[in-house]
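Structure at a glance
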Amino acid sequence: MDLNGALAPVLEAARDNASEVDRDAAFPTAAVDALRGSGLLGLTLPAEAGGMGGGPRELVDALTQVAAACGSTAMVYLMHVAAAMAVATAPPPGLLKRLASGESLATLAFSEAGSRSHFWAPLSRASAADGGVRLRAPKSFVTSAGHADVYVVSSLSPGSADGACDLYVVPGEASGVAVAGPWRGLGLRGNASAPMAFDVVVPESDRLGPAGGGLAIMLETVMPWFNLGNAAVSVGLSQAAVDAAVAHASGSRFEHLGESLAQLPTIRAQLARMSLELAAARSYVDTAAASIASPDARTPLHVLGVKAHANDAALRVTDAAMRVCGGAAFAEHLQVDRFFRDARAGHVMAPTADALYDFYGKAITGQPLF
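Given the structure is predicted, the values throughout are model-derived calculations rather than measurements.

The next point concerns the nonpolar core. Within the largest apolar cluster, 111 residues are counted, with the highest numbers of intra-cluster contacts made by Leu40, Tyr77, Leu99 and Met274. In terms of residue count, the dominant contributor to this core is helix 6 (residues 214–251) (18 residues). For Leu40, the contacting residues outside a window of four places in its chain are Leu3, Ala6, Leu7, Val10, Leu35, Met52 and Tyr77. Counting 18 residues, the second largest nonpolar core, distinct from the first, contains Ala109, Ala194, Phe198 and Val200.

Below, the structure written as C-alpha cells:
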C-alpha cells in the first residue's frame, strides 16, 4: 500500500484551500474530490470490496497528515470512514464497493437535539410502512450535510419499549432528505455540520444488522474507529501548531537586541512543553491503534481514553502556540488561530472529552457505563 503516494494530491488540495475553507465556512470540495480519486475513501475497507485493506494504524497516519493540512477535510474524511465501517458490518448489495471506490461519500447522522451529545440515544422512532420502514428523524450536527451521497441514520426500533435502536442507510438524493439549517462554527468551519431532516421510507434491506442491533454497531464498530480517528485529527492539529510556533519563534527577531524570539528562555520552555505534550499524545494514539488492531483486555479503555487524551492535549498545545506567536497568531497569517479553533471543535464532538472521562472513570471503578 502506497499510503503517502495516495495522500499526496489530497494534502496538496487540502493545504491550498484550507484558509479559504476556514474563512468562508466552505465545504472542502477540492480536497474531497481528491480523496474520491485517491482510493483513500476505501482505506479501511476490505480488498474484496475494492478497498485498500488498511487498519487503525493506517487510518491514524492518514488522518494525522490530512488534519495538519486542513482540519475540516480531515473530519469529513473521518466521518466517511466511521460510516463506511458501520456499513461494512452488514452492507446492502453493492454499497461497499461504491464507498471504497470514491463514488459515494458517506457520513453519520446520529445526534439529535433532545439527546444532544449522547449520540447513542436517538429520540426519533421508525414505524412500519408499505415497502419498509418510515424514518422520521430530525438530526443535529451532521457532518457533510447536503454533500454526502449516503447517510447512516439512527432511530428507535419500531414498537420497541426498551430503547432498542436501528441504523439505516439513506441515499442523499432520496426525496425527504433535506438540510434543515445553516452551519457557522467556531472551528472545523468547512465540515458542513448542519442540522438535517429525514422523512423517508427505507426498505428493510437497508437496515444495518438485525432489528434492534443499532446500539451494538454504534458502540462496537463506530465508536472505536471514530474515537481513534478524532484523536488522530487532534494530533495532526497539534503537530501543525508546534511546527508553526517553532518556525515563527526561530524566524522572528528582536532587531534591537540581535536575537530571535526562540532565544528567550520562556519561549524555549513553552516550545519544549508543546513538543513533549504532542509526543505523549502521539504515543498514546499509537498504543490505542495497536490495541484496536489486535484487541485485548485493555482495548475498551483505550477506546474511551484516546479521544479525550488527544483532545485535551490539542487544547493545551494550540493554546501555547497562540501565546508563543502572540500578535502574529491573532493576525491570522500564521493560521495558528485555525488550529486553535479546530482543536476546540474536535473536543466537543460527541462523545465529548468530558463524557469519555466519565465513562473511563466508570470502567476503572467497575461501574456500568449506561
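Read on, since the account is not over.
Glancing now at helix 10 (residues 336–348). Under the 1.5 Å per step criterion, the end-to-end length of helix 10 is 19 Å for 13 residues, consistent within 8% with the ideal 18 Å. Across the 13 residues of helix 10, 10 count as buried, placing the element largely inside the fold. Where helix 10 is concerned, the buried positions are Val336, Asp337, Arg338, Phe339, Arg341, Asp342, Ala343, Ala345, Gly346 and His347.

Further remarks concern the environment of His147. Along the chain, His147 falls in the loop between strand 3 (132–142) and strand 4 (150–156). Sequence-wise, His147 and Leu105 are 42 residues apart; in three dimensions their C-alpha atoms are separated by 8.0 Å. If we ignore the near neighbours within four places in the chain, the residues touching His147 are Phe27, Arg36, Leu105 and Ala192.

Take helix 1 (residues 3–24) next. An α-helical turn contains 3.6 residues, so a residue and the one three or four places further along point in the same direction. End to end, helix 1 covers 30 Å across 22 residues, agreeing with the expected 32 Å (1.5 Å per residue, within 8%). Those residues of helix 1 lying buried are Leu3, Ala6, Leu7, Val10, Leu11, Ala13, Ala14, Ala18, Val21 and Asp22. Residues of helix 1 that are buried sit in contact with helix 2 (29–38), helix 3 (56–69), helix 4 (71–88) and helix 10. Just past helix 1, the residue Ala25 takes up positive phi, approximately 50°.

In this section: the packing of aromatic side chains. The full count for this structure, using the stated rule, is 7 aromatic pairs. Ring geometry for Phe119 against Trp120: centres 5.2 Å apart, planes inclined by 80°, an arrangement best described as edge-to-face. Judged by its relative accessible area of 6%, Phe119 falls in the buried class. Every member of this aromatic cluster is reached through a ring pair, and the members are Phe110, Phe119, Trp120, Phe359 and Phe370. Across the ring face of Phe340, the terminal group of Arg344 is positioned such that the distance to the ring centre comes to 3.6 Å.

Scoring rules and cut-offs
- Residues numbered from 1 in each chain as written.
- Predicted model: local features only at pLDDT ≥ 70, side-chain atom pairs only at ≥ 80, totals over all residues.
- Heavy atoms only, no water.
- Core = buried A, V, L, I, M, F, W, Y, C linked by side-chain atoms within 4.5 Å.
- Buried < 20%, exposed > 50% of the residue type's maximum accessible area, 1.4 Å probe, protein only.
- Helix = DSSP H or I, 4+ residues; strand = E, 2+ residues; numbered from the N terminus.
- Contact = heavy atoms within 4.5 Å.
- Expected span 1.5 Å × (residues − 1).
- Phe/Tyr/Trp six-rings, centres within 6.5 Å; stacked < 30°, edge-to-face > 60°.
- Lys NZ or Arg CZ within 6 Å of the ring centre and 35° of its normal.

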